[in-house]
Amino acid sequence: MSNKKIVATLLSAFFVSSVVLSGCSTSTTSTATSAPAEKPKTETATEAPKAKKDAVSLTLAIWDKGQQDATEAITAEFMKANPNITVKVEVTPWNDYWVKRSAEATSGTLPDVFWMHSGQFLKYATGKFIKPLTDKVKAGEIDLNNYVANLGNVYTLDGVPYAVPKDFDTIGLAYNKDLFQKANIPFPDDTWDYAKLAEVAKKLTDPSKNIYGFAAKADTQIGYWNDMLAFGGSILSPDMKKSGYDSPESIAALKQRYQMILDKSSPTQQQMTDTDPREMFKSGKLAMMFEGSWQINDIYSSDIMKGKWDWAKLPKGPKTRGNIINGLGYSMSAAGKHQDEAWLLTKFLGSKQAAQIFADKGAAIPAFKDTQDAWLKSKPDLNLKVFPEQAKEATPYPAGSKSYPVWFEKESQIMAPAFGGKQSIEDAAKAVAKAMNDAIAAEK
């Protein structure tokens, strides 16, 4: 699938909020990978075809410990209906997840089923490491039209689907209500812009108590990519052929974030490397941070912050309100020894029943249509609606090209030291742009 098609597919996710908030399903255009016109009956664990009776063990690999409980609840339902199949949920932290998957891919030992990310998809699809699902779709075993915003096409290459949609995510502003109330400052609302964010961050910073107003971390998806978009810049040009890091707007956005470190209203880059801002927030030492919807359960688990925090939309920039949207999927190993059983598991993971479990537990915003409302209600004390509401303003995660893994690795190697004061932000941004453009030019 071309880069333009991937972008167009993800752009349709802008309209997810109308699905979530109205409870009505969006219509999707049939593609070569769509199921037959007659919509198949939705599978549940009790309706799944019976696998052969030999005892089989499968591994399902994920990277988020915060979603382990929900994942194991789903696999427990699957195993009830398929007593001859045992599923082990294996959790590998994000920083090590793709290193491990890459080694397994080359040795033919990938997990039977594993989480797929849009930034890694092309590598595994073009390398033939993951199982094509064309025959399953054509046979009506799964209907990709069951998923909101054409998420079924995100993991499609040259008309061939390689993953079943799991969820989608956007970014929100988490804030400590307790610190705001003690300082007699109104909570963040839809009127906030970046100037207001910086102003309040300074007011809430208390060096004597080691409390900071905001975490201005050098981060992409949950960090300055959102800033760059809000300021009118871009990560990539619309045709994905040129970096946007060196535009005046993008540089201005990067500088405003770094200024919060210089103003000491944010921890230093080294402090945030040593202790993740989310951990600072969970311990009550951070007033505000950008964070993804997938981390809600992790923050919610903090006894210190129980009842003392909430979500708001990201601040408005000079041009717009920036946000990054992405969606995960389930892929099967092409070299797995138990393909039939792995497919039974994959199909159930992509079912409405599984999505409902994820939604009820608040683990992630499920991709299956008409299950998002349960996710919104999973934690009624939190303003979760900011995530789907921002989907219509969001920009797709800038993957979908062979050059992405090359330039993305170099991006962090350049920007992190710059936020640590080793290089000017402008020079670093221009260096990233050159690295991106060189990688794009070398793309075959």
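The shown structure was predicted, so the numbers you read here are calculated from the model rather than taken from an experiment. (Residues numbered from 1 in each chain as written. Predicted model: local features only at pLDDT ≥ 70, side-chain atom pairs only at ≥ 80, totals over all residues. Heavy atoms only, no water.)

This next bit is on the pairing of strand 1 (residues 56–62). Of all seven residues in strand 1, five are buried, a share of seventy percent or more. With seven bridges joining them, strand 1 and strand 2 (residues 85–91) adopt parallel strand pairing. Among the inter-strand pairings, Val-56 is bridged to a residue of strand 2, identified as Ile-85. This β-α-β element, strand 1 to helix 3 (residues 68–81) to strand 2, shows right-handed connectivity. In this structure, strand 1 lies alongside strand 3 (residues 113–116), joined through two bridges in parallel fashion. The residue bridging Leu-60 from the neighbouring strand is Val-113, located in strand 3. (Buried < 20%, exposed > 50% of the residue type's maximum accessible area, 1.4 Å probe, protein only. Helix = DSSP H or I, 4+ residues; strand = E, 2+ residues; numbered from the N terminus. Pairing = 2+ DSSP bridges. Right-handed = clockwise from strand over helix to strand, strands pointing away.)

Grouped together as the largest cluster of nonpolar side chains are 137 residues, with contacts concentrated most on Tyr-245, Met-288 and Trp-311. Element by element, the count of residues in this core is highest for helix 19 (residues 425–441), at nine residues. Those residues in contact with Met-288, other than ones at most four positions away along the chain, are Leu-173, Ala-174, Tyr-175, Phe-180, Trp-192, Leu-197, Val-200, Ala-201, Gly-213, Phe-214 and Ala-215. (Core = buried A, V, L, I, M, F, W, Y, C linked by side-chain atoms within 4.5 Å. Contact = heavy atoms within 4.5 Å.)

What follows covers the sheet that holds strand 9 (residues 309–312). Strand order in this open sheet of three strands is 8-7-9, and the pairing throughout is antiparallel. A single partner strand is all that each edge strand has here, and the edge strands are strand 8 (288–292) and strand 9. Between one strand and the next, the sheet's axes are offset by a mean angle of 35°, whatever the strand orientation. Inspection of the sheet shows strand 7 (residues 171–176) paired to strand 9 by four bridges, in the antiparallel sense. Residue Ala-174 lies in a different strand from strand 9, and its bridge partner there is Trp-311. (Axes fitted to C-alpha atoms, helices over the stretch in contact; angles between N-to-C directions.)

Further remarks concern the pattern of salt bridges. Within this structure, the stated rule accounts for 26 salt bridges. Salt bridges sharing partners connect three or more residues here, namely Lys-217, Asp-219, Asp-276, Arg-278, Glu-279, Lys-282, Glu-291 and Asp-298. (Salt bridge = Lys/Arg side-chain N within 4 Å of Asp/Glu carboxyl O.)

Bringing the environment of Ala-355 into the picture now. Take Ala-355: it is sitting in helix 15 (residues 352–360). The spacing of Ala-355 and Trp-375 is 20 residues in sequence and 9.5 Å in space, taken between C-alpha atoms. Contacts of Ala-355, omitting those with residues within four sequence positions, involve Pro-366, Phe-368 and Thr-371.

Bringing the confidence of the model for the protein chain into the picture now. Mean pLDDT for the protein chain: 88, with 88% of residues reaching 70 or above. Of the regions scoring below 50 in pLDDT, residues 1–47 engages in 109 contacts with residues more than four places distant in sequence or in other chains. (pLDDT = per-residue confidence, 0-100.)

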